[in-house]
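Working through the structure, step by step
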Amino acid sequence: MTNKIKFTITTAWIIFTRSYDAYCTNQFTPNLEKESNPIVTLLGLTWTPLLITIGLLTIYTIYVLYIGLFKPKNLLPTESGYTFCQITAFTYLGHKDHWTAIFYKIPKDINRFNHWMGQTLPQCLSFAGLVSTMMWLLIHHSDYYKSIHSATMIYIFLISGCIVIIYSWNKKIFKQYLSSNSK
């Protein structure tokens, strides 16, 4: 699949699923009283700031997808001898560190941050779109699903899926690193 087709399909999917989720949320809880999105529950956002936040996140995701596909940057170190965990930290931070640093440090180079996000964020938001679309379809069409549905279940599924996506991307990048250093 060409980058242009991948960009078009991914962008359309993200816009469609974010819009569908907002539409269904509005139908289900017009005043956001039953909304479980942490942006709403923790920050107490109303519809306007919520939609602005989601819109900005969507625009940023499309932007980093674009640079990731059309202006790729090699995030790997030139030196050999890195472990998988060190590569995980290096691709994100740009220097050797413990892999857990990705949870509490931010890269000093905004371009590195954007390129890393361009490899991971669109995939995670696409997955979140799949989960939310399936959730709403099941809520609308399955009495059984309504009886087992919970925000906790959805968030566990979302977080687990994103961890798998990011881990898989890091494994792929590590394999590229190993093959480029074995020559």
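Heads up: these notes are all about the structure in this document. What you are looking at is a predicted structure, and each value in this text was computed from that prediction instead of being measured. (Residues numbered from 1 in each chain as written. Predicted model: local features only at pLDDT ≥ 70, side-chain atom pairs only at ≥ 80, totals over all residues. Heavy atoms only, no water.)

Concerning the overall build of the protein chain
Put simply, the test is: Helix numbers and strand numbers start at the N terminus; a helix is a DSSP run of H or I with at least 4 residues, a strand a run of E with at least 2. Burial classes follow relative accessibility: with a 1.4 Å probe on protein chains only, a residue under 20% of its type's maximum area counts as buried, one over 50% as exposed, and anything between as partly exposed. Contact between two residues is taken to exist if any of their heavy atoms lie within 4.5 Å; hydrogens are not considered. Here the accessible surface of atoms and residues is derived via Shrake-Rupley with a 1.4 Å probe, and residues count as covered only by protein chains that are part of the display. Charge assignment in this entry is limited to Lys and Arg as positive and Asp and Glu as negative, and neither His nor the chain termini are counted. Every charge is mapped to an atom, namely NZ of Lys, CZ of Arg, CG of Asp or CD of Glu.
Check the secondary structure of the protein chain and you find seven helices and zero strands. With the C-alpha coordinates aligned to their principal axes, the bounding extent of the protein chain is approximately 55 × 30 × 30 Å. Evaluated residue by residue, the protein chain yields a buried proportion of 42% over its 183 residues. Look at the contacts in the protein chain between residues 6 or more apart in sequence, and 64% of them connect residues 24 or more apart. If you sum the accessible surface of the protein chain, you get close to 11,100 Å²; carbon and sulfur atoms cover 66% of it. Side-chain charges in the protein chain split into 15 positive and 7 negative, and the spacing between the mean points of these groups amounts to 13 Å.

Some details on the side chain of Thr 61
With respect to the element layout, Thr 61 can be found in helix H3 (residues 47–70). In this structure Thr 61 touches Ile 14, Leu 121, Pro 122 and Leu 125, once residues within four positions along its chain are discounted.

Here we look at the pattern of salt bridges
Using the following cut-off: Note on definitions: salt bridges are taken to be side-chain nitrogens of Lys or Arg within 4 Å of carboxyl oxygens of Asp or Glu.
The final tally for this structure, using the stated rule, is four salt bridges. With a shortest N-O distance of 3.4 Å, Arg 18 and Asp 21 are connected by a salt bridge. With a gap of three residues between them, Arg 18 and Asp 21 both fall in helix H1 (residues 3–28), about one helical turn apart. As far as burial versus exposure is concerned, Arg 18 and Asp 21 are alike and both buried.

Quick look at the packing of aromatic side chains
What counts is decided by this rule: Working definition: rings of Phe, Tyr and Trp (its six-membered ring) pair if their centres are within 6.5 Å, and the pair is stacked with planes under 30 degrees apart, edge-to-face with planes over 60 apart, and tilted otherwise. Think of it as a cone above the ring: NZ of Lys or CZ of Arg counts as a charge over the ring if it is within 6 Å of the ring centre and within 35 degrees of the ring normal.
Taken as a whole, this structure holds 16 aromatic pairs when the rule is applied. A ring pair is formed by Tyr 82 and Phe 90, whose centres lie 5.6 Å apart and whose planes are at 80°; its orientation type is edge-to-face. Comparing Tyr 82 with Phe 90 shows no difference in burial state: the two are buried. Three or more aromatic residues joined by ring pairs form one cluster here, namely Tyr 82, Phe 84, Phe 90, Tyr 167, Phe 174 and Tyr 177. Stacked on the ring of Phe 84, the Lys or Arg Lys 171 has its end atom at 4.8 Å from the ring centre.

Things to note about a nonpolar patch on the surface
Basically, it comes down to this: Here, patches come from residues exposed beyond 30% relative accessible area and free of salt bridges, joined within 9 Å for like charges and within 5 Å for nonpolar side chains (Val, Leu, Ile, Met, Phe, Trp, Tyr).
Residues Leu 130, Met 134, Leu 137 and Leu 138 make up a contiguous nonpolar surface patch of about 310 Å² in total accessible area. Note on placement: Leu 137 falls in helix H5 (residues 110–141). Here Leu 137 falls in the partly exposed class, since its relative accessible area comes to 35%.

Remarks on helix H7 (residues 151–181)
Formally: Helix span is expected to be 1.5 Å times the residue number reduced by one.
For H7, built from 31 residues, the straight-helix expectation of 45 Å at 1.5 Å per residue is met to within 8% by its first-to-last C-alpha distance of 45 Å. Looking only at H7, the buried set comprises Ile 154, Leu 158, Gly 161, Cys 162, Ile 165, Trp 169, Asn 170, Ile 173, Phe 174 and Tyr 177. Taken together, the buried residues of H7 touch helix H4 (84–93), H5 and helix H6 (143–148).

Let's talk about the packing of H1 against H3
For the record, the criterion: All axes here are fitted lines through C-alpha atoms, helices being fitted over the stretch that makes contact, and every angle between N-to-C directions spans 0 to 180 degrees. For classification purposes, angles smaller than 35 degrees are called roughly parallel, those larger than 145 roughly antiparallel, those between 65 and 115 roughly perpendicular, and all remaining angles oblique. For this scheme, ten residues count as nonpolar: Ala, Val, Leu, Ile, Met, Phe, Trp, Tyr, Cys and Pro. Four count as charged, namely Asp, Glu, Lys and Arg, and the remainder, Gly too, count as polar.
Where H1 contacts H3, the axes come no closer than 10 Å and their chain directions differ by 170°. Between H1 and H3, the interaxial angle falls into the category roughly antiparallel. Residue-level contacts link Asn 3, Lys 4, Lys 6, Phe 7, Thr 10, Thr 11, Ile 14, Ile 15, Arg 18, Ala 22, Thr 25 and Asn 26 of H1 to Trp 47, Leu 51, Ile 54, Thr 58, Thr 61, Ile 62, Leu 65, Tyr 66, Leu 69 and Phe 70 of H3. Split into classes, the residues belonging to the contact of H1 with H3 amount to 12 nonpolar, seven polar and three charged.

Details of the nonpolar core
Threshold: Side-chain atoms within 4.5 Å link the members of a nonpolar core, which is a set of buried Ala, Val, Leu, Ile, Met, Phe, Trp, Tyr and Cys residues.
Ranked by size, the top nonpolar core spans 19 residues in total, and within it Ile 87, Tyr 92, Trp 116, Met 117 and Tyr 177 carry the most contacts. Sorting the residues of this core by element identifies H4, H5 and H7 as the ones contributing at least two each. Residue contributions to this core peak at five residues, all from H4. Setting aside residues no more than four positions away along its own chain, Tyr 92 makes contact with Ile 102, Lys 105, Ile 106, Pro 107, Arg 112, Phe 113 and Trp 116. By size, the runner-up hydrophobic cluster in this structure holds 14 residues, among which are Tyr 20, Trp 136, Ile 139 and Cys 162.

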